[in-house]
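Listed below are the residues making up each chain.
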Amino acid sequence: GMQSHLQALLSLYKLFSPELVTISLPKKAKTYFKNSEGPWKAAISAVKRRNSPVSQVPFLGTAPPQSRKRKWNSQLIIPASSSDRNKLEEDRQKDSGDFCSESFPLEQLQTFSQLLHNIHRLEFPSRMGSVLTNPLLLHYMNCVKDESIYLRLYYWMGQILQEECTWCVADNSEYEEEFKDFLETVYKTECFLQEGFSACEEFLYKSLPLWDGFCCRSQILRLVSWIPLNSFSEMKSNLYDPLSQLFLTSSLYFKCSVLESLRELLQNWLNWHMIYLDSESGS
């Protein structure tokens, strides 16, 4: 029968060997077989444009994928910390005499003492990305062990890293400095929290095979130092193999940078392991 997946397969045969398919197929069919070479072609095209600014011809006639985010937002900006105005108004209308029922506006949170006195009245902002640049909210994040907080930050950060990566999305090369600043902010936040973000770990594992070792080099290697250590097979395939391809053909400076990053990775893991053991033993 003319099932959709069979139509897609027949249309693929007809594209490469039209003499093998004699039946008529609908012109508009859902795409079932995605082109796996897209990211590679986009990355190669970005490298060619960087090395030859005059040449603007897409690689092998394939146009680089367009960034969806740039249609709506021309700059990569981390949102500012702000409270939910509607929620604050609801709290005020509930009971003006109950002091503890009102949420403390994040715009007024300026000092650590304010955090201590109002910690029971704080609520995280609707835009979780704002916590990256707010040390007081990061302290609060350490105190409140709520899985939903990390999930909200995970989804937001994962989307930003995927859409703004300058070597996975070729037309984002002009925003490289903005992406560098964002990666630097993420790294400083990880240092503050003394742990890496799972969204950042996934981003590195997916993007390192496409990385040229040049774009955002210091930021990427710093983020590598906060990847949590897993099984050897997982670390080898996701981290060591992509880095070794660049390591063998790179300069002495890059080799030293990679070794320094891996040394910090081991040091961060040892520090976390010692703290974890101390908390378990109670010493």
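Residues numbered from 1 in each chain as written. Predicted model: local features only at pLDDT ≥ 70, side-chain atom pairs only at ≥ 80, totals over all residues. Heavy atoms only, no water.

Student: Provide a residue-level description of unusual backbone geometry, including the pertinent values.
Tutor: In this model, Gln194 sits at a positive phi of 60 degrees, which is unusual for a non-glycine residue. By relative accessible area, Gln194 is classed as partly exposed at 46%. Even without glycine at this site, Cys216 takes up a positive phi of about 55 degrees. By the element assignment, Cys216 lies in the loop between α8 (198-207) and α9 (217-224). (Buried < 20%, exposed > 50% of the residue type's maximum accessible area, 1.4 Å probe, protein only. Helix = DSSP H or I, 4+ residues; strand = E, 2+ residues; numbered from the N terminus.)

Student: Can you explain the pattern of salt bridges? Please cite residues and give values.
Tutor: This model, assessed by the stated rule, comprises five salt bridges. The salt bridge involving Lys180 is made with Glu176; its shortest N-O contact spans 3.9 Å. Of this pair, Lys180 and Glu176 are both found in helix α7 (residues 176-193), four residues apart, which corresponds to roughly one turn of the helix. On the accessibility criterion, Lys180 (23% relative accessible area) is partly exposed. (Salt bridge = Lys/Arg side-chain N within 4 Å of Asp/Glu carboxyl O.)

Student: Any details on a nonpolar patch on the surface? Residues and values, ideally.
Tutor: On the surface, a cluster of nonpolar side chains totalling about 660 Å² of accessible area is made up of Leu9, Leu12, Tyr13, Leu15, Phe16 and Leu20. Here Phe16 falls in the exposed class, since its relative accessible area comes to 65%. (Patch = residues over 30% accessible without salt bridge, like charges linked within 9 Å, V, L, I, M, F, W, Y side chains within 5 Å. Areas by Shrake-Rupley, 256 points an atom, 1.4 Å probe, with all protein chains shown as cover.)

Student: So, the state of the cysteines: which residues are in play, and what are the values?
Tutor: Here a disulfide denotes a covalent bond joining the sulfur atom of one cysteine to the sulfur atom of another. A complete count under the given rule lists zero disulfides for this structure. Cys216 forms no disulfide, and the closest cysteine sulfur to it belongs to Cys215, at a distance of 3.7 Å. By relative accessible area, which is 1% here, Cys216 ends up buried. (Disulfide = S-S within 2.5 Å.)

Student: Tell me about the confidence of the model for the chain, and name the residues and values.
Tutor: Looking at the chain, pLDDT values average 79 and 76% of them are 70 or higher. Across the chain, α9 holds the top mean pLDDT of 94, while helix α3 (residues 85-94) sits lowest at 55. (pLDDT = per-residue confidence, 0-100.)

Student: Talk me through the environment of Leu153; I want residue IDs and the actual numbers.
Tutor: Mapping Leu153 onto the fold places it in helix α6 (residues 147-164). When its relative accessible area of 2% is taken as the criterion, Leu153 is described as buried. When the C-alpha atoms of Leu153 and Phe197 are compared, they prove to be 8.9 Å apart, with 44 residues separating the residues in sequence. What Leu153 contacts, discounting residues up to four positions off in sequence, is Met128, Gly129, Val131, Met141 and Phe197. (Contact = heavy atoms within 4.5 Å.)

Student: I'd like a rundown of the packing of helix α5 (residues 135-143) against α7, residues and numbers included.
Tutor: Across the interface, α5 lies against α7 with an axial gap of 11 Å and an inter-helix angle of 45 degrees. Taken together, the axes of α5 and α7 lie oblique to each other. In the packing of α5 onto α7, the handedness of the crossing is right-handed. Along the contact surface, α5 presents Pro135, Leu138, His139 and Asn142, while α7 presents Thr189, Phe192 and Leu193. Class assignment of the residues belonging to the contact of α5 with α7 gives a composition of four nonpolar, three polar and no charged. (Axes fitted to C-alpha atoms, helices over the stretch in contact; angles between N-to-C directions. Parallel < 35°, antiparallel > 145°, perpendicular 65-115°, else oblique. Left-handed = near helix turned anticlockwise from the far one by under 90°. Nonpolar A, V, L, I, M, F, W, Y, C, P; charged D, E, K, R; others polar.)

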